[in-house]
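# Fold and contact review
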Amino acid sequence: MKQETVAAPAATRDGFTSSFGVLAATLGSAVGLGNIWKFPYLTGTNGGAGFLVVYVLATLLVGLPVMIAEIMLGRKAKANAYTTMKTLSPRGQPWWLISVAGVLSAFLIMAFYSEVAAWVFAYVFKAAGSGLLTSDPKVTEGVFGQLIGDPMQSLMWQWLVLVLMGGILLLGVSKGIEAATKKLMPVLFILLVVVGVRSLMLPGAAQGLAFLFKPDFSKITGAVVLTAVGLAFFKLSIGMGTMMTYGSYFRDDQNIPLTAFRVMCADLFVSMLAGIAIFPAVFAFGFKPAAGPSLLFITIPAVFHNMPFGHVFMFAFFVLTAVASMGAMLSILEVPIALLNEHFKMKRATATWLSLALLALVGATCALSNSSMANVKLFGMTAFDLFDFATSNIMMPLGGIGLCLFVGWVWGKQRFEAELSNQGALQNQGLLRAIFTVLRWVSPVLILIVMLKGLNVF
Ligand code: PFF
C-alpha cells in the first residue's frame with residue numbers, strides 16, 4: 001500500500017504572516033535615512049541630476065537582481081545568513097565568507113547609522129521647541145554644529161537609540177517589526193508629499209528642480225559612479241545579509257521578483273520625494289547643495305519656516321524620519337542577532353543585548369567623530385566617514401559580486417527558475433531567464449569595473 005505522506009510539522013520559526021506584511025517589512029528595511037539623509041546629501045555632493053541617472057541605472061542593473069537573488073537564497077534555506085550560505089553551498093566551498101563579511105558590514109553600518117538616527121531623535125525634541133524654526137542658514141548650521149560637536153549629547157542620543165531598538169527587537173519579528181512598519185510607512189509617504197509641495201511653492205524652487213532633474217554628465221567620474229552603485233546597495237539593504245535574513249521569513253507562495261520590484265519602485269519614489277523636499281529649499285534660501293551629511297538637518301527647518309502649522313509639520317517630519325530609521329535599523333540588527341541565536345544557540349534576548357553592547361562601543365567612535373575624536377583619522381577619514389565609505393563602496397559591492405557569482409555559476413539556472421517561479425506556480429519563466437543572465441554576466445562585471453575604476457585601481 002502506498003504510504004500516506006505526513007504533513008510536515010508546523011514551522012516553529014517566527015516569520016512574516018501576511019503578504020502585505022512582507023512588503024511592508026521589506027520596504028521598512030529599504031526606506032530609511034538612506035532616502036531622507038543619504039540620497040539628498042550624495043546627490044548634492046556629486047553634482048545633482050547626472051548622479052541621479054547613474055543611481056537609477058545602478059538600482060536597475062545591479063540592485064534589483066541582487067536583491068531578488070538574496071531574498072531567494074534566504075527563503076530557500078530559512079535560516080540566518082551564515083547558515084543559509086553554508087547549507088546551500090557545495091561541500092567545502094567557502095561561500096559562507098560572504099555572510100561573515102556581511103555581519104561585519106552590519107556592525108559598521110549600524111555604528112554610523114545609529115548616530116544619524118541619534119541626530120534625528122535629538123531634532124524631534126528640538127522641533128518641539130521653537131529655536132529651530134528659521135530660514136537663516138547661519139542659525140540652522142549653528143544648531144546642528146552644536147549638537148554634533150557636543151560629545152555628551154552625541155553619545156547619549158546614540159545609546160538611547162540603541163536601547164530603544166533592543167526593546168522593539170525583543171518583541172520578535174512578526175509582532176515587533178511588522179506591526180510598527182505597517183502602520184507608519186503610509187504616514188511617512190503622505191508627509192513627504194506635503195513637504196515636497198511646500199518646498200515647490202518657495203520662490204526659486206525651479207533652480208532646485210533643475211539641479212535634481214537636468215543632468216550635467218560632465219561631473220560624472222569613476223568615483224561618482226562607484227558612489228551611485230554603493231548607494232544602490234545601501235538603499236536596498238543588500239550585499240550584507242539583511243535581505244537574505246528577511247528572505248528567510250518570506251512565505252513560500254510570495255512572489256519574490258514582484259515584491260522586490262515594488263520595494264525598489266517605492267524606495268526610489270521616497271528618495272525622489274525627499275529630493276523634491278530638500279533641493280528647492282536649498283536654492284531658495286541660499287544653502288549649499290554640497291553641504292554633505294549636514295544637508296538634511298540644516299535645510300529642513302527652513303522649509304517649515306513661515307509655513308502654516310510649520311511647527312507641527314516639522315515635529316511630525318522628524319518623528320516619522322525617526323520611525324523610518326528604526327525600520328532600517330531593526331533589519332540591520334537582525335543579521336547578527338539571527339546568527340547568534342540560531343548558529344551559536346544564544347537566547348534571542350542575550351543575542352540582542354550582546355549585539356547592542358558591542359555597538360555601543362564601536363558606535364561611540366562615530367558619535368565622537370565630530371568632537372573628541374575628530375582628529376583620529378584613518379585614510380584621511382574619521383570613523384564615521386570611513387565606516388560610511390567602506391561599507392557602501394567596498395564591502396556591500398563585494399558581497400554583491402559574491403552573491404552574483406554564487407547564484408549565476410554555482411546555484412544555477414534550473415534551481416533559480418524553480419525557486420523564483422515558486423516551483424512552477426508563477427508563469428514568469430521569460431523574466432527569470434533575463435534576470436538570471438544579468439546576474440550571471442552583467443551585474444558582477446559591472447560592479448567589479450566600477451569598483452576598480454572608482455578606487456583608482458586603473
Ligand atoms: N536601506 C537603509 C536606508 O536606506 O536607510 C539602510 C540599510 C538598512 C542598509 C539595512 C543596510 C541594511 F542592512
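Rules of the game
- Residues numbered from 1 in each chain as written.
- Predicted model: local features only at pLDDT ≥ 70, side-chain atom pairs only at ≥ 80, totals over all residues.
- Helix = DSSP H or I, 4+ residues; strand = E, 2+ residues; numbered from the N terminus.
- Rg over C-alpha atoms; globule rule 2.2 N^0.38 Å.
- Buried ≥ 20, exposed ≤ 12 C-beta atoms within 10 Å, placed from the backbone.
- Contact = placed C-beta atoms within 7 Å.
- Axes fitted to C-alpha atoms, helices over the stretch in contact; angles between N-to-C directions.
- Parallel < 35°, antiparallel > 145°, perpendicular 65-115°, else oblique.
- Left-handed = near helix turned anticlockwise from the far one by under 90°.
- Near = placed C-beta within 6 Å.
- Nonpolar A, V, L, I, M, F, W, Y, C, P; charged D, E, K, R; others polar.
- Arc of directions from axis to C-beta.
- pLDDT = per-residue confidence, 0-100.
- Core = buried A, V, L, I, M, F, W, Y, C linked by C-beta atoms within 7 Å.

It is worth spelling out the overall build of the protein chain at this point. Helix and strand counts for the protein chain come out as 18 helices and zero strands. Taking 23 Å as the expected radius of gyration for a compact globule of 458 residues, we find that the protein chain reaches 22 Å, a close match to that expectation. Along the first, second and third principal axes, the C-alpha set of the protein chain runs to 85 × 45 × 45 Å. Scored against the burial criterion, the 458 residues of the protein chain give a buried share of 52%. Partitioning the intrachain contacts of the protein chain with sequence separation of at least 6 by distance along the chain shows that 84% fall at a separation of at least 24.

The next subject is the packing of helix H10 (residues 222-235) against helix H18 (residues 429-454). Between H10 and H18, whose axes approach to 8 Å, the crossing angle comes to 130°. Here H10 lies oblique to H18, going by the angle between them. Handedness of the H10/H18 crossing: left-handed. In contact with Gly222, Ala223, Val225, Leu226 and Val229 of H10, H18 contributes Ile447, Val450, Met451, Lys453 and Gly454.

It is worth spelling out the site of the ligand at this point. The environment of the ligand is made up of 15 residues, and the closest members are Gly32, Gly34, Ser237, Thr242 and Ala328. Secondary structure elements with two or more residues in the shell around the ligand: helix H1 (19-30), helix H2 (33-45), H10 and helix H14 (310-342). The class makeup of the residues in the shell around the ligand is seven nonpolar, seven polar and one charged.

Here helix H9 (residues 205-213) has its buried residues at Gly208, Phe211 and Leu212. All buried residues of H9 lie within an arc of 95° about the axis, which places them on one face of the element. On its buried face, H9 is in contact with H2, helix H3 (49-77) and helix H12 (256-285).

Attention now goes to the confidence of the model for the protein chain. Averaged over all residues, the pLDDT of the protein chain equals 93, while 95% of them reach at least 70. Low confidence marks residues 1-11, where pLDDT is under 50. Its contacts with residues over four positions away, or in another chain, come to zero contacts. Taken together, the chains of this predicted complex give a pTM of 0.94 and an interface ipTM of 0.99.

One finds Ile68, Met110, Ala117, Ala228, Val229 and Met329 to be the most contacted residues of the largest nonpolar core, which totals 156 residues. The element contributing the most residues to this core is H14, with 20 residues. With residues up to four places along the chain from it excluded, the contact list for Ile68 reads Ile256, Pro257, Ala260, Leu420 and Ile435.

Residues that lie three or four places apart on an α-helix share one face, since the helix turns once every 3.6 residues. Looking at helix H4 (residues 81-88), one finds that the buried residues are Ala81, Tyr82, Thr84 and Met85. One face of H4 carries all of its buried residues, which in axial projection span an arc of 165°. Looking at the buried residues of H4, the elements they touch are H3, helix H5 (97-128), helix H11 (242-247) and H14.

For the rest of this paragraph, the subject is the environment of Asp385. Examined against the element boundaries, Asp385 turns out to sit in helix H16 (residues 383-411). Judged by C-beta crowding, with 18 C-beta atoms within 10 Å, Asp385 ranks as partly exposed. Taking C-alpha positions, Asp385 is 19 Å from Ile332, a pair spaced 53 residues apart along the chain.

Tracing the sequence through the fold places Leu452 in helix H18. Looking at Leu452, the number of C-beta atoms within 10 Å reads 13, which means it is partly exposed. Through-space distance from the C-alpha of Leu452 to that of Leu191 is 40 Å; in sequence the pair is 261 residues apart. Among all residues touching Leu452, those that are not within four sequence positions of it are Val457 and Phe458.

Attention now moves to unusual backbone geometry. One non-glycine residue, Ser237, adopts positive backbone phi at about 55°. Residue position: Ser237 is located in the loop between H10 and H11.

This part takes up the packing of H9 against H12. Helix packing geometry: the angle between the two helix axes and the distance between the axes. Contact geometry of H9 with H12 gives a least axis separation of 7 Å together with a crossing angle of 125°. Taken together, the axis directions place H9 and H12 in an arrangement best described as oblique. Taken as a pair, H9 and H12 cross one another with a handedness that is right-handed. Together, Ala205, Gln207, Gly208, Leu209, Phe211 and Leu212 of H9 and Gly275, Phe279, Pro280, Ala281, Val282, Phe283 and Ala284 of H12 make up the contact between the two elements.

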